[in-house]
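Commentary on secondary and tertiary structure
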Amino acid sequence: MKILICNAGSTSLKFKLFDMPAETVEAICGIERVGADHDSVLTYKNLLTGEAVKREKVDIPDYRQGIVLFLDYLTKGTTAVLEDVRQIERVGFKVTLSKNHHGVFELTDEVLQGMEDWISLAPVHNRAYLNAVDVLRSLLPDAKFVGAFETAFHRTIPLERRLFGVPYEWYEKYGIERLGYHSASHSYIADVLNGESKEYDAISCHLGGSCSVCAIHNGESVDTSFGMSLESGLIHANRVGDMDPGIITFLKHEGLTDEEIMNGFQKNGGLKGISGVSGDLRYVEEAAAQGNERARLAIGNFVSGIVHYIGAFYLDLGRLDTLVFTAGIGEHSATVRKMVCDRLIPIGVKLDEERNRRNERIISAEDSPVRVLVIPTDEELGIVRKTYAMM
């Protein structure tokens with residue numbers, strides 16, 4: 001079965017074509033800067049033949065043009081993997097959230113309406129996926145469309161940990177609760193650990209442009225740092241993390257508009273907001289090394305948040321067997337991993353600094369009571385498995 005996995009961003013598209021159940025990736029494609037005037041970038045590779053394409057300064061004004069271009073490479077000429085797009089039987093998406101839908105669902109009109117209903121919680125993410133689904137449905141009318149929602153893995157968190165201290169009627173009527181995200185990543189980490197043992201307590205740290213910490217007991221999520229919206233938990237590249245809601249009223253009183261406040265929360269907050277340098281940790285680390293005090297402050301705030309949640313989740317679990325770092329920062333920033341682990345010595349974390357510098361899979365010392373791992377996440381593999389498994 002040919003299954004296409006699509007990851008849609010506000011100005012980007014990423015595709016992987018899988019042959020299932022062999023889990024063979026046959027083609028990959030990435031499109032950046034969608035909507036930029038003759039400045040889009042497209043990369044494509046047929047992994048069966050090695051035939052590759054890289055084009056810059058391409059005119060891709062919208063998702064439709066980008067998707068059509070990708071399907072052309074997939075089915076025509078020397079880059080082709082398929083003879084016809086009708087060979088694609090399913091299309092899977094790592095969708096963000098939908099009202100009343102928290103697992104893996106066929107993307108029916110009802111499910112898509114749920115995404116519309118909750119678009120205010122994830123305006124950029126939901127809008128991007130709704131657009132991509134609409135285009136692909138028109139181009140692949142015979143395919144089955146499946147969404148693995150980013151809230152799915154966290155439905156096993158006890159209700160007492162999901163509730164906020166608001167009127168209970170808000171939970172019943174509006175669904176106000178801790179939803180959690182990054183299910184594709186955290187569930188993939190759980191799958192990896194499940195292959196080693198069925199009984200364990202672990203904490204997964206997904207640290208990238210978007211960041212979260214998840215407590216995992218025997219393969220199930222039992223707590224997470226994200227709240228209901230994406231502007232919660234740890235600070236992110238550009239988004240604010242946990243924050244006092246009274247600040248919103250205060251800022252309005254000070255004269256800021258709703259748009260200015262939301263831009264501060266969603267686009268100009270997080271590492272970027274504190275450092276004044278960038279939302280990209282690599283640039284923040286460089287600035288900190290050169291003596292930039294705000295950059296050092298941003299990294300310190302980021303690390304403190306990670307340690308805070310790990311400490312809380314350690315007590316939730318009652319023990320800790322494995323600590324995992326994953327995603328862009330987690331996989332590549334030896335600095336952040338060291339800063340975090342150095343503060344976790346009281347709970348049994350002992351880092352091997354040389355292993356950490358080399359980005360090895362196991363970075364804990366031989367005598368560390370807690371095993372510390374660096375595991376590259378493979379969200380697409382997790383999504384395609386769920387898409388294939390859906391009857």
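Above this note sits the structure.
Quick look at the structure, then. Counting of residues starts from 1 at the beginning of each chain's written sequence and follows it residue by residue. At least 70 in pLDDT is required for a residue's local features to be given in this predicted model, at least 80 for side-chain atom pairs to be given and counted, and no such filter applies to totals for whole chains, interfaces and linings, which use all residues. As a convention, hydrogens and water are excluded, and side-chain values are obtained from all of the structure's heavy atoms.

**Quick notes on the side chain of His 101**
Our working definition: Per the convention used, a helix needs a DSSP run of H or I reaching at least four residues, while a strand needs a run of E reaching at least two, with both numbered from the N terminus. Polar contact is defined as a pair of N or O atoms within 3.5 Å, subject to the rule that within protein one atom must be able to donate a hydrogen and the other to accept it, and that residues adjacent in sequence are counted only when both atoms are side-chain atoms.
The residue His 101 is located in the loop between strand 6 (88-93) and strand 7 (104-106) in this model. One polar contact links the side chain of His 101 to the main-chain carbonyl oxygen of Lys 99, over a distance of 2.7 Å.

**A short note on the nonpolar core**
One recurring pattern in soluble globular proteins: nonpolar side chains tend to sit buried together. The condition is simple: What is meant by a nonpolar core is a set of buried Ala, Val, Leu, Ile, Met, Phe, Trp, Tyr and Cys residues, joined one to another through side-chain atoms within 4.5 Å. Buried, partly exposed and exposed residues are distinguished by accessible area as a fraction of the type maximum, computed with a 1.4 Å probe on protein chains only: under 20%, between the cut-offs, and over 50%, respectively. Throughout, a contact is declared for two residues whenever any of their heavy atoms are within 4.5 Å.
Within the largest apolar cluster, 44 residues are counted, with the highest numbers of intra-cluster contacts made by Tyr 44, Leu 74 and Phe 93. Sequence-distant contacts of Leu 74, defined by excluding residues within four places in its chain, comprise Leu 17, Ala 27, Tyr 44, Ala 80, Val 81, Leu 82 and Ile 88. Core analysis: the second largest hydrophobic core is formed by 40 residues, Ile 235, Phe 325, Val 349 and Val 370 among them.

**A word on the environment of Leu 82**
With respect to the helices and strands, Leu 82 occurs in the loop between helix 1 (63-75) and strand 6. For Leu 82, a relative accessible area of 4% gives the class buried. Placed 145 residues apart in sequence, Leu 82 and Gly 227 show a C-alpha to C-alpha distance of 42 Å. Those residues in contact with Leu 82 that sit more than four places away from it in its chain are Lys 2, Leu 17, Leu 74, Thr 75, Gln 87 and Ile 88.

**Considerations on the sheet that holds strand 2 (residues 13-19)**
Rules: For two strands to be treated as a pair, DSSP must find at least two bridges joining them. In this description, a line fitted to the C-alpha atoms serves as the axis of each element, helices being fitted only across the stretch in contact, and the angle between N-to-C directions of two axes falls anywhere from 0 to 180 degrees.
Ordered by their spatial adjacency, 8 strands build an open sheet running 5-4-3-2-1-6-8-7, and the pairing between neighbours is mixed. On the outer flanks of this sheet lie strand 5 (52-58) and strand 7, each paired with one strand and no other. Taken pair by pair, the neighbouring strands of this sheet meet at an average axis angle of 15°, ignoring direction. Relative to strand 2, strand 1 (residues 2-8) runs antiparallel, the two being bridged by 7 bridges. Across the sheet, Cys 6 pairs through a bridge with Phe 15, a residue of strand 2.

**Notes on the pattern of salt bridges**
Here is the rule: Each salt bridge in this description consists of a side-chain nitrogen of Lys or Arg and a carboxyl oxygen of Asp or Glu lying within 4 Å of one another.
One pass over the full model with this rule turns up 30 salt bridges. Close ionic contact of Asp 39 with Lys 57 constitutes a salt bridge, the shortest N to O distance being 3.1 Å. Taken as a pair, Asp 39 in the loop between strand 3 (24-32) and strand 4 (40-46) and Lys 57 in strand 5 lie far apart in primary sequence, 18 residues in all. The salt bridge involving Arg 357 is made with Glu 354; its shortest N-O contact spans 2.6 Å.

**Concerning the pairing of strand 1**
The buried fraction of strand 1 amounts to 6 of the 7 residues, a majority that puts the element mostly inside the structure. Pairing of strand 1 with strand 6, which is carried by 5 bridges, proceeds in the parallel orientation. Paired with Leu 4 across the two strands is Val 91, which belongs to strand 6.

**Focus: the pairing of strand 9 (residues 201-207)**
Taking burial as the measure, the 7 residues of strand 9 include 7 buried ones, the bulk of the element. As paired elements, strand 9 and strand 10 (residues 211-217) share 7 bridges and run antiparallel to each other. Bridge pairing links Leu 207 to Cys 211 in strand 10. Counted along the chain from strand 9 to the antiparallel partner strand 10, the turn is 3 residues long. With 5 bridges joining them, strand 9 and strand 12 (residues 322-326) adopt parallel strand pairing. Bridged to Cys 205 within strand 12 is Phe 325.

**Concerning helix 2 (residues 109-117)**
For clarity, the cut-off: Of all possible arcs, the one meant is that of the directions from the helix axis to the C-beta atoms.
Residues of helix 2 that are buried: Val 111, Leu 112, Gly 114 and Met 115. Seen end-on, helix 2 carries its buried residues on one side only, within an arc spanning 150°. Among the exposed residues of helix 2, those pointing more than 90 degrees away from its buried face are Asp 109 and Glu 110. In this structure, the buried side of helix 2 is in contact with strand 7 and helix 3 (123-139).

**Remarks on the side chain of Arg 90**
The criterion, for reference: This count recognises Lys and Arg as positive and Asp and Glu as negative, with His and chain-terminal groups excluded.
The residue Arg 90 is located in strand 6 in this model. One buried charged residue, Arg 90, remains without a salt bridge, the closest side chain of opposite sign being Glu 89 at 6.0 Å. A polar atom in the side chain of Arg 90 sits 2.8 Å from the backbone oxygen of Thr 387.

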